[in-house]
Amino acid sequence: MTNLADYVFHNVPAQLTPLQEFLDPFTRGELAEIQPAAGGHFLDVGAGGGSVTRMLSELAGESGRVDAVDQDTHMVPEGPNITIHTQDLSSGEPLAAQGPFDLVHGRLLTHHLENRVEFVHRLAGSLKPGGWLLLGEFVRSAPKVVSAPSEHHAAVFQRVLDGLYDVMTARHTHGGWGHEVHRTMLDAGLTEVRTRWHYESWTGGGYGCRLFENNVSQKRDAMIEAGFDAADIDLFLKDLMHNPDMVVRSHEFVSIRGRRA
Ligand SMILES: C[S@@+](CC[C@H](N)C(=O)[O-])C[C@H]1O[C@@H](n2cnc3c(N)ncnc32)[C@H](O)[C@@H]1O
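As recorded in an unreviewed UniProt entry, the protein goes by the name Methyltransferase, listed as coming from Streptomyces finlayi.

See the structure below:
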């Protein structure tokens, strides 16, 4: 598959399905609090597998509409009230979707964009008065083992996850960006800004470890090129992430919302 933007991963079900299993219940709760009204105009940026696009489509109803934008839209669902736009959002060009919007959602997109600060300002400016911006990001934190079959397993997990984060950071992904979004929304003039954190334990064989497995398998060659031990990576992929005695902390997710006055 050819990706248009210089994005660090490929959109495949093995990555996006476990991501959705982890985050969709949380996002559904965030949307339930915001209560976007039926008939509204919503935007999903970096729509990926489109599970949130689908949620927004249901909330918008027949009289509303949803624009979904991604550099790779092959997994975004079609629907009578959904318009799909293929666009590289790091290009600095005007958004392919025309606002103003009642709600803009973007999950795990902006930490990948070099123009992330300007982009958040642009999203804030695309809201109707009273409209909401809801963004979510993974933030880099020290890998944490909750329980492991041996100290060796624990040490390999920590080394490999640190290696993954290093390789991602080298590709202009910003691991600390999630902590800066709140202030960026305030700078963009949004009100009622609020941040919430979400993480949990992941056990070998479960959806979370399948996500770690996919992230690392997509970056295996880049990690080896950067000097990481292939034997560590292969133990991580073939044993650790399938081992029910391995329990680790998930990626740390931060959810930030703000409202245009
Ligand atoms: C980790 S996925 C998240 C997908 C979805 N928002 C979710 O949370 O289930 C990140 C998404 O951002 C998109 N993306 C990354 N860089 C992009 C860019 N420069 N322009 C447009 N989309 C981009 C990817 O194609 C991918 O669909």
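From this point, things continue past the structure.
Right, let's get into the site of the ligand. The local shell around the ligand holds 18 residues, among which Gly46, Asp70, Gln71, Leu89 and Arg107 are the closest. Gly48 places a polar main-chain atom, nitrogen or oxygen, 3.4 Å from an oxygen atom of the ligand. Within the side chain of Arg107, one N or O atom sits 2.7 Å away from an oxygen atom of the ligand. Protein coverage of the free-state accessible area of the ligand, which is 590 Å², stands at 97%. Residue composition of the shell around the ligand, by class: nine nonpolar, six polar and three charged.

Next up on the list: the sheet that holds strand S8 (residues 201–203). Sheet strands line up and pair through hydrogen bonds in the backbone, either parallel or antiparallel. Across the sheet, three strands lie side by side as S6-S9-S8; this open sheet has antiparallel pairing. Every other strand in the sheet has two partners, leaving strand S6 (145–147) and S8 as the edge strands with one partner each. Between one strand axis and the next, the sheet turns by 30° as a mean value, whatever way the strands run. Where S6 lies against strand S9 (residues 247–249), two bridges are found, and the strand directions are antiparallel. Residue Val145 lies in a different strand from S9, and its bridge partner there is Val248. Along the sheet face, helix H6 (residues 207–225) touches S8 and S9 and points at about 80° away from the line of S8.

What counts and how
- Residues numbered from 1 in each chain as written.
- Predicted model: local features only at pLDDT ≥ 70, side-chain atom pairs only at ≥ 80, totals over all residues.
- Heavy atoms only, no water.
- Near = heavy atom within 4 Å.
- Polar contact = N/O pair within 3.5 Å; in protein donor to acceptor, adjacent residues only side chain to side chain.
- Areas by Shrake-Rupley, 256 points an atom, 1.4 Å probe, with all protein chains shown as cover.
- Nonpolar A, V, L, I, M, F, W, Y, C, P; charged D, E, K, R; others polar.
- Pairing = 2+ DSSP bridges.
- Helix = DSSP H or I, 4+ residues; strand = E, 2+ residues; numbered from the N terminus.
- Axes fitted to C-alpha atoms, helices over the stretch in contact; angles between N-to-C directions.
- Contact = heavy atoms within 4.5 Å.

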